[in-house]
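Structural characterization, general
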Amino acid sequence: MAYNARVSAWVGWVWFAGMMMIMVGMFNILTGSLAIVGDDLYVTAAGRLLAFDITGWGWIHLILGILAVITGIALSVGQTWARVVATVLVMLNALTQMAWINVNPWWSLIVIALDVFVLYAIIVHGREAAALND
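Attention here is on the structure that accompanies the text.

1. Re the overall build of the protein chain
Broken down by element type, the protein chain carries four helices and zero strands. Each helix and strand of the protein chain, ordered N terminal to C terminal, gives the series α-α-α-α. Burial status across the protein chain gives 33% buried among its 134 residues. Partitioning the contacts of the protein chain with sequence separation of at least 6, the portion at a separation of at least 24 is 66%. Total accessible area on the protein chain stands at roughly 8800 Å², and carbon and sulfur atoms take up 72% of it.

2. Points about the environment of Leu 89
Checked against the element boundaries, Leu 89 lands in helix α3 (residues 80-100). By relative accessible area, Leu 89 is classed as buried at 17%. Expressed as a C-alpha distance, the spacing of Leu 89 and Leu 67, which sit 22 residues apart in the sequence, is 9.2 Å. In this view, Leu 89 contacts Met 21, Leu 64, Leu 67, Ala 68 and Thr 71; residues no more than four positions away in its chain are not counted.

3. Quick notes on the nonpolar core
Ranked by size, the top nonpolar core spans 13 residues in total, and within it Ala 17, Met 21, Leu 75, Ala 86, Val 118 and Ile 122 carry the most contacts. Contributions of two or more residues to this core are made by α1 (11-37), α2 (54-76), α3 and α4 (105-133). Sequence-distant contacts of Met 21, that is, excluding residues within four places in its chain, are made with Ala 68, Val 69, Thr 71, Gly 72, Leu 75, Ala 86 and Leu 89.

Conventions used here
In every chain, residue numbers begin from 1 and rise along the written sequence. Selection of residues for local features in this predicted model requires a pLDDT of at least 70, selection of side-chain atom pairs for listing and counting requires 80 or more, and totals for whole chains, interfaces and linings are taken over all residues. To obtain the side-chain values, all non-hydrogen atoms of the structure were used and water was disregarded. Secondary structure counts use DSSP, requiring at least four H or I residues in a row for a helix and at least two E residues in a row for a strand, with both numbered from the N terminus. Between buried and exposed lies partly exposed: a residue is buried under 20% and exposed over 50% of the maximum accessible area for its type, with that area taken using a 1.4 Å probe on protein chains only. Any two residues whose heavy atoms approach within 4.5 Å at even a single point are treated as in contact. Throughout, the Shrake-Rupley method with a 1.4 Å probe supplies accessible areas, and for residues the shown protein chains are the sole cover considered. To define a nonpolar core, start from buried Ala, Val, Leu, Ile, Met, Phe, Trp, Tyr and Cys residues and group those joined through side-chain atoms within 4.5 Å.

In short, geometric facts, not functional conclusions.
Structure, rendered in structure tokens:
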């Protein structure tokens, strides 16, 4: 099945998605590393749900951060597998924002809206980034 390589302005959103994933991944690597090295830097509040100890939380964020950076780089150069992984990561991010909506409603709504744009760009126009690299 041949794909007609038509590139639109939405390819910029695909690159935006890749850069955002790299930036968010770097933040996750930083906070995850801090949680692993010095778990006394984070304060837990009574009555809050924390499924893992701070070190476990740090390892999860470190692994997800590394995965996000690798996926963001691959997405920026048009790798097909990165579109699939990025779609899953962005959907997970949107779902986790729903958990934070009571704490920070405006920020959560902004992030969910950005996630929708990023998902649209990745799913509908992701092939355009690969077409530019051919």
